[in-house]
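Working through the structure, step by step
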Amino acid sequence: QVQLVEFGGGLVQAGGSLRLSCAASGRTFARYAMGWFRQAPGKEREFVAAISWSGGSTNYADSVKGRFTISRDNAKNTMYLQMNSLKPEDTAVYYCAARDMNWSAVELTEYDYWGQGTQVTVSS
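The following refers to the structure shown. Please read all numbers here as calculations on a predicted model, not as lab measurements. (Residues numbered from 1 in each chain as written. Predicted model: local features only at pLDDT ≥ 70, side-chain atom pairs only at ≥ 80, totals over all residues. Heavy atoms only, no water.)

1. Points about the state of the cysteines
Two cysteines joined by a covalent bond between their sulfur atoms form a disulfide. In the structure shown here, the tally under the stated rule is 1 disulfide. What pairs with Cys22 in a disulfide is Cys96, and their sulfur atoms sit 2.1 Å apart. Where Cys22 bonds to Cys96 through sulfur, the torsion about that S-S bond is close to 55°, and the disulfide is right-handed. Of the two residues, Cys22 sits in strand E3 (residues 18-26) while Cys96 sits in strand E9 (residues 92-99), which places them 74 residues apart along the sequence. You can call Cys22 buried: its relative accessible area is 0%. (Disulfide = S-S within 2.5 Å. Helix = DSSP H or I, 4+ residues; strand = E, 2+ residues; numbered from the N terminus. Buried < 20%, exposed > 50% of the residue type's maximum accessible area, 1.4 Å probe, protein only.)

2. Side note on unusual backbone geometry
Look at Asn77: it is not a glycine, yet its phi comes out positive at around 55°. You can see Asn77 is positioned in the loop between strand E7 (68-73) and strand E8 (78-83). Asn77 gets classed as partly exposed once you look at its relative accessible area, which sits at 26%. Non-glycine residue Ser85 carries a positive phi angle of around 50°. Relative to the helices and strands, Ser85 resides in the loop between E8 and E9.

3. What about the sheet that holds strand E1 (residues 2-7)?
Read across the open sheet, the 4 strands follow the order E1-E3-E8-E7; overall the sheet is antiparallel. Of all strands in the sheet, those with a lone pairing partner are E1 and E7, marking the two edges. The sheet shows a mean angle of 15° between the axes of neighbouring strands, taken without regard to direction. Taken together, the 6 bridges between E1 and E3 define a ladder with antiparallel strand orientation. When the sheet's bridge partners are listed, Gln3 is paired in E3 with Ser25. (Pairing = 2+ DSSP bridges. Axes fitted to C-alpha atoms, helices over the stretch in contact; angles between N-to-C directions.)

4. Structural notes on the environment of Glu89
Within the fold, Glu89 resides in the loop between E8 and E9. Looking at Glu89, the relative accessible area reads 55%, which means it is exposed. Sequence spacing of Glu89 and Ser123 is 34 residues, and the spatial spacing of their C-alpha atoms is 9.3 Å.

5. What about the pattern of salt bridges?
Scanning the entire structure with this criterion turns up 6 salt bridges. For Glu46, the salt bridge is made with Arg38, and the minimal N-O distance between the two is 2.7 Å. What makes Glu46 partly exposed here is its relative accessible area of 36%. Among the ionic pairs, Asp90 bridges to Arg38, the shortest N-O distance being 2.9 Å. Note that Asp90 is positioned in the loop between E8 and E9 and Arg38 in strand E4 (residues 33-39), a separation of 52 residues in sequence. The burial state of Asp90 is the same as that of Arg38; both residues are buried. Salt bridges linked by common partners bring Arg38, Glu46, Arg67 and Asp90 together as one network. (Salt bridge = Lys/Arg side-chain N within 4 Å of Asp/Glu carboxyl O.)

Structure representation (C-alpha cells):
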C-alpha cells in the first residue's frame, strides 16, 4: 500500500504558475504509475495528467497540454505538476493518484490510491 500527500496548492492570479508536489510513502514508489486529477465545484473529477513508472511516458488532458508538465523523482518518492499560464477554469481541488501498474491510465477508476487533495484557486 502507498500513502499520498499533496502540497503546493494556493491562490494565484490568471497567467501565473504553481507547482504541486505529491509525496508518497509506503511501498516502493517506482513500481507505481501516477496521475493527477482535479475536481471543480459541482463537477466530476477529471483527468489532468499521468506518468509511467519510469517517467518515460506522459499524457495530458487537452485542456492543459502545453501549460502543465508532469514529472517524478523516484529517488525522492515524489511526483510533480508544474502549472503555467493558469486560467480561472483551472480552479479545482487537485488530487494525486497511484496505480499499481507500470503504465499510466486516464480513467480514475484505474487508480488504486488517492491523496486528500490540495486546493488551487486562480483569480481573474
